[in-house]
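Letter by letter, the chains look like this.
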Amino acid sequence: MDSLILASASPRRHDLLSSLGLSFIIEANDGEERQDQVPPAIVEQLPAFDLGLASHPTLLAWRKAQAARETNQQAVILAADTIVVIDRMILGKPRDPAHAYELLRRLAGRWHTVYTGVVVLPAASEQPLCELVAAEVHLAPLSDAEIWDYIATGEPMDKAGAYGVQGIGGRLVEEVQGSFTTVVGLPLPTTASLLSQAGIAIPYSVEQAWQRWRATLAKEPLCMQQSKC
């Protein structure tokens, strides 16, 4: 069987991929930070996204996968990138607690969109399998005290949009429309489909993986009750 590489240091993506019953190697890189020109053939394969090529989550995922391909020619490579968007503004990871407060204040009591781009490079291939998945998320109205209490946990500091839906931040989320694991950072249905197309046998179904992953959480966020994988 071809080896599988996850081009991400995210423990959340690691846990979700593990829930499918797969063995894989983690090889994180700085591919998304590269600014080299993207081949036109790759641009043509990208799913539609109207906020510009530079911030396209699937393109950023492709950059990570391509960086991993440089030293791993025979492996299947999986990469993903997640962004949070509100008012056509992309919210990245907070720079500091004050910035985290600013992001959460903007999101509080409103709907926003979470996009996760997923790319799989089949073994010995430069031709990517690409997808972009979107989910709509509604945060509860939050007081300043509630926002600062959450920031004090430290959880927001490495999360796009300054919250983690699978953790303490799930208590701030009232509703998720679409794939819950898209918001976490690796949509299980899309990931399983792309890996299968690349020749990777998936031991567990998506529904089984969803239940296995949920069982690893100390306490399910309330918004997961009405969400799908």
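Quick summary incoming for the structure in this document. Worth saying up front: this structure is predicted, and the values here are computed from it rather than measured.

1. What to know about the overall build of the protein
A tally of helices and strands in the protein yields eight helices and seven strands. Computed over C-alpha atoms, the radius of gyration of the protein comes to 17 Å, within 12% of the 17 Å expected from 2.2 N^0.38 for 229 residues, which places it in the range of a compact globule. The principal-axis extents of the C-alpha atoms in the protein amount to approximately 50 × 40 × 25 Å. Among the 229 residues that make up the protein, the fraction classed as buried is 53%.

2. Here we look at the nonpolar core
The biggest cluster of nonpolar side chains holds 52 residues, and the ones touching the most others in it are L17, L78, Y163, F180 and L195. Take this core: its biggest share by element is five residues, from strand β3 (residues 76-86). Those residues in contact with L17 that sit more than four places away from it in its chain are L4, L6, L22, F24, L78, L186, T191 and L195. With 16 residues, the next largest nonpolar core counts A7, A68, A79 and L121 among its residues.

3. Digging into the environment of V76
With respect to the element layout, V76 can be found in strand β3. Looking at V76, the relative accessible area reads 0%, which means it is buried. Note: C-alpha distance between V76 and D2 (74 residues apart in sequence) is 6.6 Å. Ignoring any residue separated from it by four or fewer positions in sequence, one finds V76 in contact with D2, S3, L4, I5, V120, L121, P122, A123, L195, A198 and I200.

4. Brief notes about the environment of D144
In this fold, D144 is placed in helix α5 (residues 144-151). For D144, a relative accessible area of 39% puts it in the partly exposed group. Considered as a pair, D144 and L51 are 93 residues apart in the sequence and their alpha carbons are 30 Å apart. Ignoring any residue separated from it by four or fewer positions in sequence, one finds D144 in contact with Y101 and R105. Separated by 2.8 Å, the side chains of D144 and Y101 make a polar contact.

5. Considerations on the side chain of H56
When you line up the elements, H56 lands in the loop between α2 (40-45) and α3 (57-69). Given a relative accessible area of 3%, H56 falls into the buried group. Polar contacts involving the side chain of H56 include one to the main-chain amide nitrogen of T58, which spans 3.1 Å. Not counting chain neighbours up to four residues away, the residues in contact with H56 comprise L46, P47, A48, F49 and L132.

6. With respect to helix α4 (residues 97-107)
Taken together, the buried positions of α4 are occupied by H99, A100, L103, L104 and L107. Taken down its axis, α4 places every buried residue within 130° of arc, on the same side. Along its buried surface, α4 packs onto β3, β4 (89-91), β5 (111-121), β6 (129-139) and α5. At the N-terminal end of α4, a side-chain oxygen is found 3.2 Å from the backbone nitrogen of A98, two or three residues along, and the residue is D96.

7. What about the pairing of β3?
Of all eleven residues in β3, eleven are buried, a share of seventy percent or more. Every second residue of β3 is oriented toward a common face, with V76, L78, A80, T82, V84 and I86 on one face and I77, A79, D81, I83 and V85 on the other, all of them buried. Sheet topology note: the β3/β5 ladder contains nine bridges and is antiparallel. Bridge pairing links I77 to L121 in β5. Where β3 and β4 come together, three bridges link them in antiparallel fashion. Residue pairing for β4: V85 is matched across the bridge by I90. Between β3 and the antiparallel strand that follows it, β4, lie two residues; D87 among them carries a positive phi value of about 55°.

Calculation notes
- Residues numbered from 1 in each chain as written.
- Predicted model: local features only at pLDDT ≥ 70, side-chain atom pairs only at ≥ 80, totals over all residues.
- Heavy atoms only, no water.
- Helix = DSSP H or I, 4+ residues; strand = E, 2+ residues; numbered from the N terminus.
- Rg over C-alpha atoms; globule rule 2.2 N^0.38 Å.
- Buried < 20%, exposed > 50% of the residue type's maximum accessible area, 1.4 Å probe, protein only.
- Core = buried A, V, L, I, M, F, W, Y, C linked by side-chain atoms within 4.5 Å.
- Contact = heavy atoms within 4.5 Å.
- Polar contact = N/O pair within 3.5 Å; in protein donor to acceptor, adjacent residues only side chain to side chain.
- Arc of directions from axis to C-beta.
- Pairing = 2+ DSSP bridges.

All we've got here are geometric facts, nothing functional implied.
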